[in-house]
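Summary of the model geometry
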Number of protein chains: 4
Amino acid sequence: MASFFEYAPDPDAPASQLVYTFGGAEPVAQIAPGTFLSTWTRDCFNGAVRTVDDLPTQVTDPRYLNPQTGPFYVEGAEPGDTLVVHFVSITPRESWGVSTTVPFFGALTSTPRTATLQAALGERTWIYGIDRAAGVVRYEARDSDLVVELPLDPMHGTVGVAPPLGEARSSLTPGSWGGNMDTPEMRAGATCYLGVNVEGALFSFGDGHARQGEGETCGVAVETAMDTVVLIDLIKGVPTPWPRLETDEYVMSTGSARPLEDAFRISQADMVGWVAAELQLSILDAYQLVSQTSLAPIANVVDNDYTCVAKVAKAHLPGVEPYGGIHARLRAAAAVWKRR
Amino acid sequence: MASFFEYAPDPDAPASQLVYTFGGAEPVAQIAPGTFLSTWTRDCFNGAVRTVDDLPTQVTDPRYLNPQTGPFYVEGAEPGDTLVVHFVSITPRESWGVSTTVPFFGALTSTPRTATLQAALGERTWIYGIDRAAGVVRYEARDSDLVVELPLDPMHGTVGVAPPLGEARSSLTPGSWGGNMDTPEMRAGATCYLGVNVEGALFSFGDGHARQGEGETCGVAVETAMDTVVLIDLIKGVPTPWPRLETDEYVMSTGSARPLEDAFRISQADMVGWVAAELQLSILDAYQLVSQTSLAPIANVVDNDYTCVAKVAKAHLPGVEPYGGIHARLRAAAAVWKRR
Amino acid sequence: MASFFEYAPDPDAPASQLVYTFGGAEPVAQIAPGTFLSTWTRDCFNGAVRTVDDLPTQVTDPRYLNPQTGPFYVEGAEPGDTLVVHFVSITPRESWGVSTTVPFFGALTSTPRTATLQAALGERTWIYGIDRAAGVVRYEARDSDLVVELPLDPMHGTVGVAPPLGEARSSLTPGSWGGNMDTPEMRAGATCYLGVNVEGALFSFGDGHARQGEGETCGVAVETAMDTVVLIDLIKGVPTPWPRLETDEYVMSTGSARPLEDAFRISQADMVGWVAAELQLSILDAYQLVSQTSLAPIANVVDNDYTCVAKVAKAHLPGVEPYGGIHARLRAAAAVWKRR
Amino acid sequence: MASFFEYAPDPDAPASQLVYTFGGAEPVAQIAPGTFLSTWTRDCFNGAVRTVDDLPTQVTDPRYLNPQTGPFYVEGAEPGDTLVVHFVSITPRESWGVSTTVPFFGALTSTPRTATLQAALGERTWIYGIDRAAGVVRYEARDSDLVVELPLDPMHGTVGVAPPLGEARSSLTPGSWGGNMDTPEMRAGATCYLGVNVEGALFSFGDGHARQGEGETCGVAVETAMDTVVLIDLIKGVPTPWPRLETDEYVMSTGSARPLEDAFRISQADMVGWVAAELQLSILDAYQLVSQTSLAPIANVVDNDYTCVAKVAKAHLPGVEPYGGIHARLRAAAAVWKRR
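Note that the structure is a prediction, hence the values are computed from the model and not measured.

Next up on the list: the interface of chain C and chain D. Note on interface size: it is often stated as the accessible area lost on association of the parts. At the junction of the two partners, chain C supplies 63 residues and chain D supplies 63 residues. It is Leu284, Tyr287 and Gln292 of chain C in chain C that bury the most area against chain D; as a group they hold 14% of the surface buried on that side. Summed over the shared surface of chain C and chain D, the number is zero salt bridges. Where chain C packs against chain D, one counts 40 residue pairs in polar contact (both at pLDDT 80 or more). Going through the elements one at a time, β7 (96-101), β8 (124-131), β10 (147-151), α2 (260-279), α3 (283-293) and β21 (306-313) of chain C are the ones with two or more residues in the side of chain C that touches chain D. A per-element tally of the side of chain C that touches chain D places α3 of chain C first, with nine residues.

Okay, structure coming up:
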C-alpha cells in the first residue's frame, strides 16, 4: 500500500539554509518505503539568475550552488540495501529556465583542474521560455535574432544518497552514491537504483533541467525549479554498486570518473555483470552481448567527475526483469496514483 | 552526371598484399568526383576467423589486421578541399559474421597502453548468423543456450584519407583523417565529409560491421565482409578539420583522441564552430545552442585513439543545409541509381 | 616564542575510534601558531599487517584504512589564511615496515575505476627491516633470496586540512586541502603550506612511509608508524590554492587530479603564478622560466586522484623567499629546538 | 673495433628537403654497428627563429618543424633486434638558443586536442645566450629586467627508429619507436636502447635542447642546433619493446601515451619486467622493489603523446648489467675515442 508524503520547502529560506552535500546533513524528514514523495526543488542558482543581465559570479555565492531538497531518511534502509526512486512526474514550476556560461567551468574551456594560463570565456546568460502545455523550451540567441523551439524534456541532474567512508560530497560532484550525474535519462517514467551506504540512506535530489544535451557541454543546462513526485521503495539485502536506471524499454548503468574512459569502463563493466547475473550468462558471453547492443550516451563532461551511461534495450535481453520486476510494479502504482 | 566504377578486389589475394595504412600506399584506381564506386571489403581478420574454434592470435598475422579497400585517387582533390563520401548501400556478403575477444585488446581489459601486470582475459570467438532478408543478426552464447536475434545494422568501422605531415597511419587508428573511427553512424544513407591532406585524397575504407554497440566495448564488432556502394564527390576550396557526417535528420562532428574527454571536446568544438558558421551565430550563442541540443554517442573506446560523436538534429538548426545542400543531392542521385 | 605540545594518541584504541577523513571530525586538541607539536601516527593498516602471512583483505576493515592523527584546531586560522607545517623530525617508531599488494589497487592493475573484467593480481605482503642507526630499509624478495638495503627516507603520505564546501574527504584521497598526496618530498626539513578552508583549519596527518618510490606504483609504500615533530605556524590573510612545499633548496607546488596531466597542469600553473608573483615577472616570462627549470617528480598514480609536483631550485629564482621567508625562520627555530 | 663516420648535412638546404617523419623516408647513409657517427642537427625551427621579433607562426612552415638528421641504415639490423645509441657528446653549435610560446601548443594552454573556445595565449620569443665554456644558458625576461644564468645541460628531444606496422610518424610525436620523447635524460653519457621494427632500423635524431625542464611545460625548450657524436651498436635477437636508457648510475624505461598515467604505466611495467628478468625475481617481487625505488620524472606533457620515465638507481639493483654490460663497454670506447 502506497502512502503519500508532501514536503514543501520554504521558498523564502536564504540560500545558506539549503543543503549542498550528499552526506554530512541532517535529514529533513523520514519516509517509509512505498511512499509517494511530492516536493519541489530550486534551480541550481537558488533562483538568483533571472534575467540576461544576471551573471552567476555576480548574483550567487559560490558556496551555495546546486541546492538539494532533502535529505530524506528512508525507514529501514541499511548499508547493503538498494534504494529505489521512481520518477512519477517532473514539471517545471516556472514559465522560464536559465542557462549561462560560467568562467572556467564547462567542457570547452580550461578549468581549475585542466588549468591553463588563458583568459576566461565570456560570462553570459540566456533566458528560455518554457511552455508546459505545448511542451516547448524556447532558445533565443543573444547576439542575433535566432529563436528555436526545442522539446521540453524535464529531468533531474542530481539524485543521490550519502556516500560511504564517512564522506560528505559536494552536490556539484557525481559518484557511486549518485549525485550530480547530469544524465537526461533521469526523466519521469524512469526508476533509479542507488546503493545504500548509511542508515536511512539519506536521499536527496535537485538540479532540475527543462532539457539538456548529452555531455552538458557548457556546464549549465536549461535550469529551472521543479515540482516533482517520486515513489520511494527499498530492496533489502541487495547491493547496487553504481547508480542504475530502468525505463520500460531500457536498463542502464552509470559510471562517474575521470578520465571519461573510466566512466565508460565502470558503466560497461557494471552492465556486463548485471546482464550476466540476469541472464545467467558467463562473463565473456555477457561481455560479448553487451558489446554488440549497448548504447553509450555521455551524461556530463563538466562536473568534478564525468558521467557515462551504458544503455541496453530490454528487447535484447530476453525475459530480464531486474530487481524482481519492481520497475513495472512502481510504474503501475504511479499510473493508479496519477488517475486518482 | 554520375558515372559508375566497379572495383573488384581479388578474393584470393594473400593478406600480405592488402593495404593496412592511411597514407603510404599507392592508389589502386583513379576516380572522378560524381562517381558511384561499387566494391567490397574484407572483414578485419581477412576472413581467417570462421568458426568458434578459430582464435585471432592463432589464425591471423598481427601485421595484417583491418585490411582496407583502396586507396582511390580522387581526381582534382587537393589539400584544403573536402572529400564527400555518400554511403549508398552496405550489405553483408556472407550469411555469417564474427566477433572475438582478443588478449589485451578492448575497453574492459588492460592493454599495452593501459599496462597492468594482470593475466589476459580469455580469447574466444562467437559466430553470428546473418539473415539479410529478415534483417537479423543472431547472437549465440558460448557457455549456455541463450540465443538473441538482434537487428542487422551494417556500417563501416574504417573510412578515411591519407593524413597530413607525411604520416602513414595504421588502419587500426582513427584521427583527423578518419580511419578506424568505429561509429555505428557510418551506415547507408549517411554522407561523410573528410578534409583532403594530399593530392588525390587517397580514400580507402573497410572494417564492415553487421552491427556494433556504441564504444565497441570488447573491441570487436560483428565483423563481416561487405558489398558497398559509395557515391564520391568533392568540394573544392572548403576544408573540413575533422570528419563530419550528415544524414537526413542529423549533422554530426567526430573527434578522436585520448583521453576520451578530448575526443568529446574536439567533436563538440567542431560542432559549435559549424553551427555558428551555418546559422551565423556568435560563438557563445552557438555554444549555448549545441549544449542544449547535442547528443553525444560514443563511437569507440578501444582503438589507438578513442572516438566521440557530436550529433544535433537538423530540426533544431532551422534552415541548415551544410556544404551547400550536397547531402540532399547525393541522396536523390542515390535514389535514382537504386531504381535503375 | 615557540611553545611545545605533546599529543599522545592511545596505542590501544580500536581502529574504529580513529579519524579517516579530512573534514567531518571533531578536533582532538587546540594549538596556537608557533607550537612544536610532537605526536605519533599509526601505519596505514592500523598496525594489523605485521608478518608476511597477514594479508590486508583478511586482517583489516576497509572502512578503517589510513588513520589520521588529529585533527588539530589551530587558533586564529580562518578561511583565506595559510597554515604552515614545518616537519622537524620524522622517525620510524618500529624496527620494521610493511608493504603489500592489494587486489584491484595500485598503478599496474585494473581498479574499481579503471574497471576491467580481469582477475586480480595476487595479494602479498613484504616485511622490511628498518635500521634507524644505519639509515637502512631492508627489502627481502618473497620468491627468491634477494636482499637489498635501501636508504631510509621517512616521509608522511598524508598531510592536510578540512576541505571547502562542507565536504569531508576520505584520507585515501588527495586534493586542494592536501590529504593523501603521497609525495616523498614531505620529509623532515620541508615546510608545507596549506590553504585554510574552515575555522581552526583542522589539520591532521598520518600515513608514514620509511621510503617510497615516485608514483607509489604498487599503491603501498614501506608503511610504518612514525614519531613526528612538526612546528605549526599561520600566515593571516594570505591564501594558498594548492599545497606547496619548501625546502632549503627548492620551492614546490602540488596538483592532484585525474587524468595525471591535469595534476601536472595544476602544479605547473600554480608554480608559474607563484614565480610571477615572487619575481614580479609577467605571466609569459614566468611560464618561460618555469618551463626551462622545473623538475616534475610524480607523487602518486594510485590514489583516488593522482598527484604531481612542480619543483624549482631556488638557485634559479634569485632572491625568492616565499611567504616572507618563514621557512628559514622555522628551520632556525627547529635547529634551536633540536639542540635543546 | 670502432670505426668513424662523419655525416655533414648541408646547412643551406631548404627546410622542405629535410626529414620530418620516423619511417617513410629513404636513408641518407649506411653505417655498421660499432661506428662513431659524428653529425649535426638543426634546431626545431630550422634556424628560422633567431631574434625576439621572429614568431614561429610567421617565420616557419607548419609542415617543416622538428627536422631530423637521418635516417641512417644500420647494417644487419632486423625486426626483433635492439639498436644501441650511446651519446658520446652533445654540443651546441651556436652561442644562442631560442624558446617561444606557440599558439595552442604547450601544457598550459588549450590545444587542437584539448579543444576549448578560448583565445590563444600570446606568441612570444625568448633568445638565450649560451656560454659553452662556462656551461651557462642565460634567461632574459621580456617584460622586466630579470636575467638568470642556468646550467647548460644539452640533450636531444628526438631519437628514434622507423615504427612498426608500416607507419610513418611525425617527428613531433613520441612512441614505442622513440621519436619526440623530450626527456632531459637523453644527454651525453647516456645509452639509448631502441627496438628495431624494419630492416636497417632507420635511425634518426634531432631537436637539440641546451636545457629543458621536466614536462617541457610551454612546449619549447631552449632549442639549438647541435654537434653530436653517437656510438652506434646492435644487439641481435634481443627485442626492446619501449625505448630504454642507461647511464653509469641509472637504468630507465620510457612510456609515451595519453593520458599521462598510461605513459607512467607503460614505463613502470617495462621496468618491472626488466628488473624481474635481470634479477631473476618473480613479477610480484620486482613490482615491489620497483615501487620502493623508482623515480618518475616526467619528460613531456606537450607532444602528441606524453612521455614518462621510470628511473631506478643501479645501486638498488645489485649486479645488474643490462644487455650484457654493453653500456660500460661503449662508455669505455667513447673515453678512448675522446682522448684520441
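All names here are of chain A. The domain boundaries assigned to chain A delineate domain 1 (3-93 + 154-235) and domain 2 (244-339). Relative to domain 2, the C-alpha centre of domain 1 lies at a distance of 21 Å. If you look at the interface, domain 1 gives 32 residues, while domain 2 gives 28 residues. For Glu185, the salt bridge goes to Lys311, with nearest N and O atoms at 3.0 Å. Our count for the contact surface shared by domain 1 and domain 2 stands at 13 residue pairs in polar contact (both at pLDDT 80 or more). Put simply, the parts of the chain that give the side of domain 1 that touches domain 2 at least two residues each are β6 (82-92), β13 (174-175), β15 (191-195) and β17 (226-235). Here the residues of the side of domain 1 that touches domain 2 are counted per class, giving 14 nonpolar, 13 polar and five charged.

Another aspect to go through is the packing of aromatic side chains. Tallied over the entire structure, the rule returns 40 aromatic pairs over all chains. Judged by centre distance (6.1 Å) and plane angle (55°), the rings of Tyr128 of chain B and Tyr139 of chain B are tilted. A residue pair is termed long-range when its members are at least 10 positions apart, and Tyr128 of chain B in strand β8 (residues 125-131) and Tyr139 of chain B in strand β9 (residues 136-140) qualify at 11 residues. Using a relative accessible area of 0% as the deciding quantity, one classes Tyr139 of chain B as buried. Ring pairing ties together the aromatic residues Tyr7, Phe72, Phe87, Phe203 and Phe205 of chain A, which thus form one cluster. Lying across the ring of Tyr250 of chain A, Lys311 of chain A places its NZ or CZ 4.6 Å from the centre. Sitting over the face of the ring of Trp274 of chain C, Arg244 of chain C holds its NZ or CZ atom 4.3 Å from the ring centroid.

Looking now at the sheet that holds strand β20 (residues 298-300) of chain B. All names here are of chain B. The strand order across the open sheet formed by nine strands is β1-β4-β17-β6-β15-β18-β19-β21-β20, and the pairing between neighbours is mixed. Of all the strands in the sheet, just β1 (3-6) and β20 have a single pairing partner and so form its edges. For this sheet, the mean angle separating the axes of adjacent strands, direction not counted, is 25°. Pairing geometry for β1 and strand β4 (residues 35-41), over four bridges, is parallel. Residue pairing for β4: Phe4 is matched across the bridge by Phe36.

The next point concerns the relation of the copies chain C and chain D. You can overlay chain C on chain D at an RMSD of 0.0 Å; the transform is a turn of 180° with a shift of 0.0 Å along its axis. When the rotation and shift are considered jointly, the pair of chain copies conforms to a two-fold rotation axis. With an isologous cut-off of 70% or more, the 100% of interface residues of chain C that recur at the interface of chain D puts this contact in the isologous class.

What follows deals with the sheet that holds strand β16 (residues 203-209) of chain D. All names here are of chain D. Spatial strand order, β3-β5-β16-β11-β14-β13: six strands in an open sheet with mixed pairing. Taken across any chain shown, the strands that pair with only one partner, and hence form the sheet edges, are β3 (29-31) and β13 (174-175). Two strands pair when backbone bridges link them, and β13 and strand β14 (residues 178-179) are joined in this way by two bridges, in the antiparallel orientation. From the neighbouring strand, Pro174 faces β14, where its bridge partner is Gly179.

Counting from both sides, the interface comprises 15 residues of chain A and, opposite them, 15 residues of chain D. Note on chain A versus chain D: buried area summed over both sides is about 980 Å², and carbon and sulfur give 59% of it. By the criterion of area lost to chain D, the three top residues of chain A are Leu108, Leu117 and Gln118 of chain A, representing 51% of everything that side buries. Where chain A packs against chain D, one counts zero salt bridges. Residue composition of the side of chain A that touches chain D, by class: nine nonpolar, five polar and one charged.

Attention now moves to the environment of Gly97 of chain D. Residue and element names in this part refer to chain D. By secondary structure assignment, the location of Gly97 is in strand β7 (residues 96-101). A C-alpha to C-alpha distance of 15 Å links Gly97 and Asn66, two positions 31 residues apart in sequence. What Gly97 contacts, discounting residues up to four positions off in sequence, is Trp126, Ile127, Tyr128, Ile130, Val222, Glu223 and Thr224.

Between its first and last C-alpha, helix α4 (residues 322-339) of chain B extends 26 Å over 18 residues, near the 26 Å set by a 1.5 Å rise per residue. Restricting attention to buried positions, one finds in α4 of chain B the residues Pro322, Tyr323, Gly325, Ile326, His327, Leu330, Ala334 and Trp337 of chain B.

This part is about the relation of the copies chain A and chain D. Note: a rotation about an axis with an accompanying shift along it relates these two copies of the chain. Of the two same-sequence chains, chain A is brought onto chain D (RMSD 0.0 Å, axial shift 0.0 Å) by a rotation of 180°. A high fraction, 100%, of the interface residues of chain A reappear at the interface in chain D, so the copies pair face to face through one surface.

Below, the discussion takes up the pairing of β17 of chain A. All names here are of chain A. Across the 10 residues that make up β17, a large majority, nine, are buried. The pairing of strand β4 (residues 35-41) with β17 spans seven bridges and is classified as antiparallel. Residue pairing for β17: Ser38 is matched across the bridge by Val229.

Residue and element names in this part refer to chain D. Here helix α2 (residues 260-279) crosses helix α3 (residues 283-293) at 115°, and the two axes come no closer than 8 Å. You can see that α2 and α3 cross each other, and the crossing is right-handed. Of α3, the residues touching α2 (which contributes Gln268, Met271, Val272, Val275, Ala276 and Leu279) are Ile283, Ala286, Tyr287, Leu289 and Val290. For the contact of α2 with α3, a count of residues per class yields 10 nonpolar, one polar and no charged.

Thresholds, definitions, all that
Residues numbered from 1 in each chain as written. Chains lettered and ligands numbered in written order. Predicted model: local features only at pLDDT ≥ 70, side-chain atom pairs only at ≥ 80, totals over all residues. Heavy atoms only, no water. Contact = heavy atoms within 4.5 Å. Buried area = accessible area lost by both parts, 1.4 Å probe. Salt bridge = Lys/Arg side-chain N within 4 Å of Asp/Glu carboxyl O. Polar contact = N/O pair within 3.5 Å; in protein donor to acceptor, adjacent residues only side chain to side chain. Helix = DSSP H or I, 4+ residues; strand = E, 2+ residues; numbered from the N terminus. Domains from an automatic or database assignment. Nonpolar A, V, L, I, M, F, W, Y, C, P; charged D, E, K, R; others polar. Phe/Tyr/Trp six-rings, centres within 6.5 Å; stacked < 30°, edge-to-face > 60°. Buried < 20%, exposed > 50% of the residue type's maximum accessible area, 1.4 Å probe, protein only. Lys NZ or Arg CZ within 6 Å of the ring centre and 35° of its normal. Pairing = 2+ DSSP bridges. Axes fitted to C-alpha atoms, helices over the stretch in contact; angles between N-to-C directions. Least-squares fit on C-alpha atoms with pLDDT ≥ 70 in both. Expected span 1.5 Å × (residues − 1). Left-handed = near helix turned anticlockwise from the far one by under 90°.

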